[in-house]
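Close look at the chain arrangement
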Amino acid sequence: MNVQKIGQLGEKAACRYLKKQGYKILTKNYQRAVGKIIGELDIVAQKGDTVAFVEVKTRNSEAFGLPCEFVTKNKQQKIIKTAYTYISEFSLQANYSFDVIEVLHSGASIQEVRHIPNAFMP
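Throughout what follows, the structure given in this document is the object of discussion. (Residues numbered from 1 in each chain as written. Predicted model: local features only at pLDDT ≥ 70, side-chain atom pairs only at ≥ 80, totals over all residues. Heavy atoms only, no water.)

1. Considering the nonpolar core
Keep this limit in mind: We define the nonpolar core as a collection of buried residues of types Ala, Val, Leu, Ile, Met, Phe, Trp, Tyr and Cys that are connected through side-chain atoms lying within 4.5 Å of one another. Here the term buried applies to any residue with accessible area under 20% of the maximum for its type, exposed to any over 50%, and partly exposed to those in between, with areas from a 1.4 Å probe on protein chains only. Strands here are runs of E lasting at least two residues and helices are runs of H or I lasting at least four, both read from the DSSP assignment and numbered beginning at the N terminus.
One finds L41, V44, F53, I79, Y86, F98 and F120 to be the most contacted residues of the largest nonpolar core, which totals 15 residues. Mapped by element, the contributors of at least two residues to this core are strand 2 (37-47), strand 3 (50-59), helix 2 (73-89) and strand 4 (95-106). At five residues, helix 2 tops the list of elements feeding residues into this core. Ranked by size, the runner-up nonpolar core spans 13 residues in total, among them A14, C15, L18 and V54.

2. Section: a positive patch on the surface
Note the cut-off: Like charges are joined within 9 Å and nonpolar side chains (Val, Leu, Ile, Met, Phe, Trp, Tyr) within 5 Å, but only among residues with over 30% relative accessible area and no salt bridge; these make up the patches. With residues, only the protein chains shown are counted as cover, and all accessible areas are computed by Shrake-Rupley using a 1.4 Å probe. For this document, the term salt bridge refers to a Lys or Arg side-chain nitrogen within 4 Å of an Asp or Glu carboxyl oxygen. Lys and Arg are tallied as positive, Asp and Glu as negative. Neither His nor the chain termini are counted. Positions of charges follow a simple convention, taking NZ of Lys, CZ of Arg, CG of Asp or CD of Glu.
Among the surface-exposed residues, K5, K12, R16, K19, K20 and K28 lie close enough to one another that they form a single positively charged patch. For the positive patch, the leading source of residues is helix 1 (residues 3-20), giving five residues. The topology assignment puts K28 in strand 1 (residues 24-34). Residue classification places K28 among the exposed residues on the basis of a relative accessible area of 53%.

3. Re the side chain of E102
Quick reminder of the rule: Whenever a nitrogen or oxygen atom comes within 3.5 Å of another N or O atom, the pair is scored as a polar contact, on the condition that within protein one atom can donate a hydrogen and the other can accept it, and that pairs from neighbouring residues in sequence are kept only if both atoms are in side chains. Residue contacts follow a heavy-atom distance rule, with two residues in contact if any of their heavy atoms lie within 4.5 Å.
Along the polypeptide, E102 turns up in strand 4. Engagement of the side chain of E102 in a polar contact is seen with the backbone nitrogen of C68, the distance being 2.9 Å. Here R114 takes part through its side chain, which lies 2.7 Å from a polar atom of the side chain of E102. Those residues in contact with E102 that lie beyond four places of it in its chain are K57, L66, P67, C68, E112, V113, R114 and I116.

4. Let's talk about the layout of surface pockets
We apply this condition: Of the grid points, spaced at 1 Å and generated over the protein atoms alone, those admitting a 1.4 Å probe that cannot get out make up cavities, while open sets with protein on both sides within 12 Å along at least five of seven lines make up pockets; any residue with an atom within 4 Å of a point is treated as lining. Grid points are joined across faces, edges and corners, and a volume is the space filled by probe spheres set on the points.
Each pocket or cavity is described by its volume, and for the largest pocket that value is around 280 Å³. For the largest pocket, the lining is made up of 14 residues, of which V3, I6, G7, V56 and R59 are closest to its centre. At the level of secondary structure, the elements contributing two or more residues to the lining of the largest pocket comprise helix 1, strand 2 and strand 3. Ranked by residue count, the leading element in the lining of the largest pocket is helix 1, at six residues.

5. Remarks on the packing of aromatic side chains
Basically, it comes down to this: Paired rings are identified among Phe, Tyr and Trp, the last through its six-membered ring, by centres lying within 6.5 Å, and are further divided according to the angle between planes into stacked (under 30 degrees), edge-to-face (over 60) and tilted (the rest). Two thresholds decide whether a charge sits over a ring: the Lys NZ or Arg CZ must be within 6 Å of the ring centre and within 35 degrees of the ring normal.
The tally for this structure, following the rule as stated, stands at seven aromatic pairs. Between the aromatic rings of Y30 and Y86, the centroid separation amounts to 4.9 Å while the plane-to-plane angle is 85°, which identifies the pairing as edge-to-face. On the criterion of sequence distance, the pair formed by Y30 in strand 1 and Y86 in helix 2 is long-range, its members being 56 residues apart. Like Y86, Y30 is buried. A network of ring pairs unites the aromatic residues Y30, F53, Y86, F90, Y96, F98 and F120 as a single cluster. Across from the ring centre of F70, 4.6 Å away, lies the NZ or CZ of R59, which sits over that ring.

6. Focus on the environment of F70
Tracing the sequence through the fold places F70 in the loop between strand 3 and helix 2. Residues F70 and Y30 lie 40 residues apart in sequence; the distance between their C-alpha atoms is 20 Å. Once residues within four sequence positions are removed from consideration, F70 is found in contact with K57, R59, F64 and G65.

7. Topic: helix 1
Filter applied, for reference: In this analysis, the expected span of each helix is defined as 1.5 Å times one less than the number of residues it contains.
Here helix 1 is 18 residues long and its end C-alpha atoms lie 26 Å apart, about the 26 Å a rise of 1.5 Å per residue gives. Residues of helix 1 that are buried: I6, L9, G10, E11, A13, A14, C15 and L18. Residue G22 follows helix 1 closely and has a positive phi angle near 95°.

Quick look at the structure:
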């Protein structure tokens, strides 16, 4: 299974998880250029008065660290800048959180989904 298919598998699992937790999925794979940086938001979801900008990290092993550890400071800054673009584009008035969802898989089978709300702050 190639990297793109693994990422799609993880994002689908993350969306299913969020929906079960009462979130409404607003957008998937939102991309915008912020200056010269192209940013992407894997999932934008809302629960109550909070909009969550969710980064999904899918791995088949934790041998090289937890999936959330791969959301580097540089990646966080890109997500935050892209989220501000999203907020402006859609004139959102809400509370915001920057979350990470870790998805562990074994081939096409999802083993575990872990949600880390407020994983980082702007």
